Protein chains: 4
Amino acid sequence: MSTSTARSPRWERRKESRPAELLAAALELFVERGYAATRLEEVAARAGVSKGTLYLYFGSKEDLFKAVVRDTIVPLIDKLRRGAEQSPLASAELLRVFLADWWEHFGASRLGGLAKLIVAEAGNFPEVARFFHDEVIAPHSEVLVSIIERGIERGEFAPVDPRVAAHLWIAPLALKAIWTHSMDALSPPELRVAPERLLRTHIDFVLAALRPDAAATGARR
Amino acid sequence: MSTSTARSPRWERRKESRPAELLAAALELFVERGYAATRLEEVAARAGVSKGTLYLYFGSKEDLFKAVVRDTIVPLIDKLRRGAEQSPLASAELLRVFLADWWEHFGASRLGGLAKLIVAEAGNFPEVARFFHDEVIAPHSEVLVSIIERGIERGEFAPVDPRVAAHLWIAPLALKAIWTHSMDALSPPELRVAPERLLRTHIDFVLAALRPDAAATGARR
Amino acid sequence: MSTSTARSPRWERRKESRPAELLAAALELFVERGYAATRLEEVAARAGVSKGTLYLYFGSKEDLFKAVVRDTIVPLIDKLRRGAEQSPLASAELLRVFLADWWEHFGASRLGGLAKLIVAEAGNFPEVARFFHDEVIAPHSEVLVSIIERGIERGEFAPVDPRVAAHLWIAPLALKAIWTHSMDALSPPELRVAPERLLRTHIDFVLAALRPDAAATGARR
Amino acid sequence: MSTSTARSPRWERRKESRPAELLAAALELFVERGYAATRLEEVAARAGVSKGTLYLYFGSKEDLFKAVVRDTIVPLIDKLRRGAEQSPLASAELLRVFLADWWEHFGASRLGGLAKLIVAEAGNFPEVARFFHDEVIAPHSEVLVSIIERGIERGEFAPVDPRVAAHLWIAPLALKAIWTHSMDALSPPELRVAPERLLRTHIDFVLAALRPDAAATGARR
DNA sequence: GATGAATGAGTCTTCATTCAT
DNA sequence: TATGAATGAAGACTCATTCAT
């Protein structure tokens, strides 16, 4: 009843961090359970607030979902833009760096979980899937394609179809990233292929396949 | 009292075909929307029956889901068992056939949709995911590993780590299969990489990477 | 396909007995589980026919319920009418016989279960309850009241209020009958009061209470 | 935009009183209609809340049912424990008080309805019936038996079988209590036996039957 | 007549969303 | 702002009833 100004703070957290905490909790749960099976009450609880508070920051479950996607993707887009543009490196080295970076920033990050989530919900949320496609997949693909094209133009790479090759080069990493958030939990850890090893071997194969003297004739355009 | 003696019957008795029709409808919807977002009434409607009829054949939504998984997987398992065992072919040819077969029977079939579904629901249905893992993924992986091992032993392939290579060789096809049932709907058809082309190029790369004289030194074991 | 007249009978039971078998099965289940919790499919199964057949004989679940009540009650009504009318016996003896008969024909029969059923469903089926009241309870009460009145008139019984006494004299037997079909299943048999003993003791008490010289002053009218 | 600033609130926050209101509504309806025929929406409506609110306080229909039973019984158990222990009264007086109290606190209270309900649902909810048996019936029976035993030991009562007598002494009141909640609604009020009169007469009869000089020889043990 | 496959109205239950406090 | 009690639309599931065979 006292209106004393010296009462101890009832809420510890700073309100500015609320949305971020909610988004983090929501990302975890959406990835773990899928969109429909995630209950907002649980998101709120994991973020340490009440159900009603969530609605102060996000208008609906769908809003929250989209915010999670945007929030997770956007910084990665920025990272992408800055990386690997005009580089003095040899194309082979550029490609090696691209794949290693991709794994570090995307595969090994929470983006793998997000990818699984979006793949699963693409039918129910086409706009979200399109956003992901336009903002993440397409730009990545373009960078990769342009590296391959540059290498071919300079005679550093064998003449392959860049778009096909781009899919082939990224697929093992992308699948591994998705897998980590679903099926991998079912294999005992000692049987799983270690990502670093997969990455290293994959890069070697890719560069071997692209060597200008490689005889992979069917891949020539 | 009757206004017509030739009215069409309100329904037909088709005990034999009902389960298959329901399973087909359910597979479509589960793949399209995911487990939670699929309404049983809609499954029934798509199969041309009423809600109650579905319950004559499947005890619950979860039962239906598991039946769909089992029903889709089992014939493929049989197909798998029969394929690619003791073959007189050269290992390179064997591998080429394996990948082409895999795409034909698995990637291009409804299994792609099922894989997406299971990847998405692994967290909610660990038993189903395990079933898929044990009955589909593991056997496939073993066959592929054994082909690679055979090739290495005979000196037909370069000495790579077979389990790592197996992941690398199957990933582009698996991801394409999953993709077909989610993100692909978002790209205009003319921009999508045609599966046949992807397959052909991929096989060429794989065989190039495995050539005993290939210089992919990092992949040696 | 052959229309031979010598084929073995597909249905063993005679159709005339079907309704009785259905009623018997229904009585058992209604008593055991109550009206709502009894499924018609189970009634049919217990009677050895299919669900559809039940509807050849009874138009609805409610119809079946009412038929069960009527069918169980009616023969007892007839028995009642014939019993204990003009008898040369002493009133005490008449009362003793009435109570013993009541227990034998009503309490110890399936009527106890029916009573429990009707008591339970009186709110949902007032017509059924009224039927039971008018055809069973009221006539019994009247007979009992008339015996008591006769005894009082002849100076064989102390002057009690016959309607109150009738309730008191029948209640222990009626409750025991109801109890047998519900709570009794929960006590170990050796702890239950044996009905015969209860009956004997009760009759003794009743007759003692009615002895003209009894000093139960409060019961005088 | 607002057409009025004084519209009444759509609902109130009454966390404290909700459960009790819901239990009261549920007791009424369960007694009136039985377990299965009671719809939760109607319980909620009678308590002045919506269907969903009920689930904030009770996890399921069965939970609600058990809570109703527990809630109705528990205070009566406490009342029972306090009553009729070591009393300086003569045994006849003790018994008179016990029966009068029983009627006042149990027969005339909502316990009559509960007893009907439990008798009806004993087959479907054996645990509930056992709870009722152990917590209500058995303790009452014991108190009554012990009063009768005390009376016999002191020579105040004729030597009867206490367990049989206990059933006989309580049955008319118990049946009247059950009846009040089912069949009684069918008799015109002027024909029903008034409970007070029944009680008074019954007590007189009981005490007469127990008088040491009573000649109810058959009841001797 | 007999069967049991098919139907769909009726209920329980969940959970996103609102709003009094 | 923050809370969490209250709401009610939506969906799984049951079972009395119908009707093609």
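Throughout this document, residue positions are counted from 1 along each chain, in the order its sequence is written. All chains are assigned letters beginning with A, and all ligands numbers beginning with 1, in the order in which they are written. Note on the predicted model: pLDDT of at least 70 is required for a residue's local features to be given, and 80 or more for side-chain atom pairs to be given and counted; whole-chain, interface and lining totals, by contrast, use all residues. Just so you know, side-chain values use all the structure's heavy atoms and leave hydrogens and water out.

Notes on the protein's contact with DNA strand F
Then comes step 1: The cutoff for a nearby residue is simple: one of its non-hydrogen atoms must lie within 4 Å of the molecule or strand. Near DNA strand F, the surroundings consist of 41 residues, among which A:Arg18, A:Thr53, D:Arg18, D:Thr53 and D:Tyr57 are the closest.
Then comes step 2: Within 4 Å of the protein, atoms of DNA strand F come from sugar and phosphate in 71% of cases.
Then comes step 3: N or O atoms closer than or at 3.5 Å make up a polar contact, with two conditions inside protein: a donor-capable atom paired with an acceptor-capable one, and, for residues adjacent in sequence, both atoms drawn from side chains. In the model, a phosphate oxygen of DNA strand F is placed 2.8 Å from a nitrogen or oxygen of the B:Tyr55 side chain.
Then comes step 4: A distance of 3.4 Å is found between a base nitrogen of DNA strand F and a side-chain nitrogen or oxygen belonging to D:Lys51.
Then comes step 5: Helix and strand assignments come from DSSP, with helices taken as H or I runs of at least 4 residues and strands as E runs of at least 2, each series counted from the N terminus. Within the residue set of the surface near DNA strand F, elements represented by two or more residues are α3 (51-57) of chain A, α3 (51-57) of chain B, α3 (51-57) of chain C together with α3 (51-57) of chain D.
Then comes step 6: Charged means Asp, Glu, Lys or Arg here, nonpolar means Ala, Val, Leu, Ile, Met, Phe, Trp, Tyr, Cys or Pro, and polar covers whatever is left, Gly included. Of the residues assigned to the surface near DNA strand F, the class counts are 14 nonpolar, ten polar and 17 charged.

Section: the domain arrangement of chain A
Residues and elements named next belong to chain A.
Then comes step 1: According to the domain assignment, chain A consists of domain 1 (1-59) and domain 2 (62-220).
Then comes step 2: Note on definitions: buried area is the accessible-area loss of two parts on being combined, 1.4 Å probe, summed for both. At the boundary of domain 1 with domain 2, total buried surface from both sides reaches about 1200 Å², with 78% on carbon and sulfur atoms.
Then comes step 3: The three residues of domain 1 that bury the most area against domain 2 are Leu27, Val31 and Tyr35, which together make up 51% of that side's buried surface.
Then comes step 4: A pair is scored as a salt bridge if a Lys or Arg side-chain nitrogen falls within 4 Å of a carboxyl oxygen belonging to Asp or Glu. Where domain 1 touches domain 2, the interface holds zero salt bridges. Those domain boundaries reflect an automatic or database domain assignment.

Description of helix α7 (residues 126-153) of chain B
Then comes step 1: Remark: the principal bend of α7(B), roughly 40 degrees, maps to B:His133.
Then comes step 2: At the exit of α7(B) stands B:Gly155, carrying a positive phi of roughly 75 degrees. Here the bend at a residue means the angle between the axes of two seven-residue stretches, the one that ends at it and the one that starts at it.

Some words on the packing of helix α1 (residues 18-33) of chain C against helix α6 (residues 111-121) of chain C
A pair of packed helices is captured by two measures, namely the crossing angle of their axes and the spacing between those axes.
Residue and element names in this part refer to chain C.
Then comes step 1: Here an angle of 0 to 180 degrees is reported between the N-to-C directions of two axes, which are lines fitted to C-alpha atoms, with helices fitted over the stretch in contact. Running from amino to carboxyl end, α1 crosses α6 at an angle of 55 degrees, the nearest separation of the two axes being 9 Å. Judged on the interaxial angle alone, α6 and α1 are oblique. Here α1 runs over α6; the crossing is left-handed. Residues Leu27, Phe30, Val31 and Glu32 of α1 lie in contact with α6, whose contacting residues are Gly113, Leu114, Lys116 and Leu117.
Then comes step 2: A class-by-class count of the residues in the contact of α1 with α6 yields five nonpolar, one polar and two charged. Under this scheme an angle from 65 to 115 degrees is roughly perpendicular, one under 35 degrees roughly parallel, and one over 145 degrees roughly antiparallel; angles in between are oblique. Whether a crossing is left-handed or right-handed is set by the direction in which the near helix is turned from the far one by less than a right angle, anticlockwise for left-handed and clockwise for right-handed. Should any heavy atoms of two residues lie within 4.5 Å, those residues are counted as being in contact.

A short note on the interface of chain D and chain C
Then comes step 1: Taken together, the 52 residues of chain D in the interface contact 52 residues of chain C.
Then comes step 2: For the chain D face of the interface with chain C, the top three residues by lost area are D:Val119, D:Leu186 and D:Phe205, together amounting to 15%.
Then comes step 3: Among the ionic pairs, D:Arg197 bridges to C:Asp161, the shortest N-O distance being 3.2 Å.
Then comes step 4: Between the two partners, chain D and chain C, sit nine residue pairs in polar contact (both at pLDDT 80 or more).
Then comes step 5: Elements that contribute at least two residues to the side of chain D that touches chain C include exactly α1 (18-33), α6 (111-121), α7 (126-153), α8 (162-180) and α9 (195-210) of chain D.
Then comes step 6: Ranked by residues supplied to the side of chain D that touches chain C, first place goes to α8(D) with twelve residues.
Then comes step 7: Grouping the constituent residues of the side of chain D that touches chain C by class yields 31 nonpolar, nine polar and twelve charged.

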